[in-house]
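One letter stands for each residue in the lines below.
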Amino acid sequence: MYDIKNIHVADNMSDKFVLSSSPTPFAWDIPLLKPGEEWGTGYSIKPTEANIDGWTIPAASATFTVNNKPYSASTSTIKIIVNGPIIIVNKTVTRLL
């Protein structure tokens with residue numbers, strides 16, 4: 001029904017994950033969305049280590065203006081369980097005389 005203006009979307013990532021695709025700043029500015037328009041983005045992440053208890057992914061948030069009034073919205077944090085091995089490599093160096 002109304003235009004949405006000055007949209008700022010910010011996302012965060014746990015340090016237990018890395019981007020699989022090209023780096024992104026995890027922040028986007030969308031000047032205007034008209035009624036019926038959509039905006040979306042996506043990226044792929046991969047875990048850096050396993051954790052059967054799960055890693056917490058922080059919430060994403062958005063601020064925007066409708067009819068000259070500011071609003072905000074955010075997602076919930078989520079927990080992702082990562083199954084897999086934990087590989088530890090030890091290296092020892094011996095100096096020969």
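Residues numbered from 1 in each chain as written. Predicted model: local features only at pLDDT ≥ 70, side-chain atom pairs only at ≥ 80, totals over all residues. Heavy atoms only, no water.

Asks: Quick rundown of the pattern of salt bridges? Include the residues and the values.
Replies: In this structure the tally under the stated criterion is 2 salt bridges. Residues K34 and D3 are paired through a salt bridge, measuring 3.3 Å at the closest nitrogen-oxygen approach. A residue pair is termed long-range when its members are at least 10 positions apart, and K34 in the loop between β3 (27-33) and β4 (45-47) and D3 in the segment before β1 (4-10) qualify at 31 residues. Look at K34 and you get partly exposed, because its relative accessible area is 39%. Residue classification places D3 among the partly exposed positions, given a relative accessible area of 26%. Between K16 and E49 there is a salt bridge, and its shortest N-O distance comes to 3.8 Å. Within this pair, whereas K16 is found in the loop between β1 and β2 (17-19), its partner E49 is found in the loop between β4 and β5 (51-57), the two being separated by 33 residues in sequence. K16 sits in the partly exposed class, given a relative accessible area of 23%. You can call E49 partly exposed: its relative accessible area is 36%. (Salt bridge = Lys/Arg side-chain N within 4 Å of Asp/Glu carboxyl O. Helix = DSSP H or I, 4+ residues; strand = E, 2+ residues; numbered from the N terminus. Buried < 20%, exposed > 50% of the residue type's maximum accessible area, 1.4 Å probe, protein only.)

Asks: Before we move on, can you summarise the pairing of β1 with the specific residues and values?
Replies: Remark: a regular strand shows side chains that alternate across the two faces of the sheet. Sheet analysis places β1 next to β3, joined by 6 bridges and oriented antiparallel. Counted as the bridge partner of I4 is L33 from β3. Here β1 pairs with strand β6 (residues 61-66) via 4 bridges, running antiparallel. What sits directly across from A10, in β6, is S61. (Pairing = 2+ DSSP bridges.)

Asks: Explain the environment of T48 to me, using residue names and the numbers behind them.
Replies: By secondary structure assignment, the location of T48 is in the loop between β4 and β5. Classification of T48 by relative accessible area gives partly exposed; the value is 44%. Not counting residues up to four positions away in its chain, the partners in contact with T48 are D15, K16, F17 and V18. (Contact = heavy atoms within 4.5 Å.)

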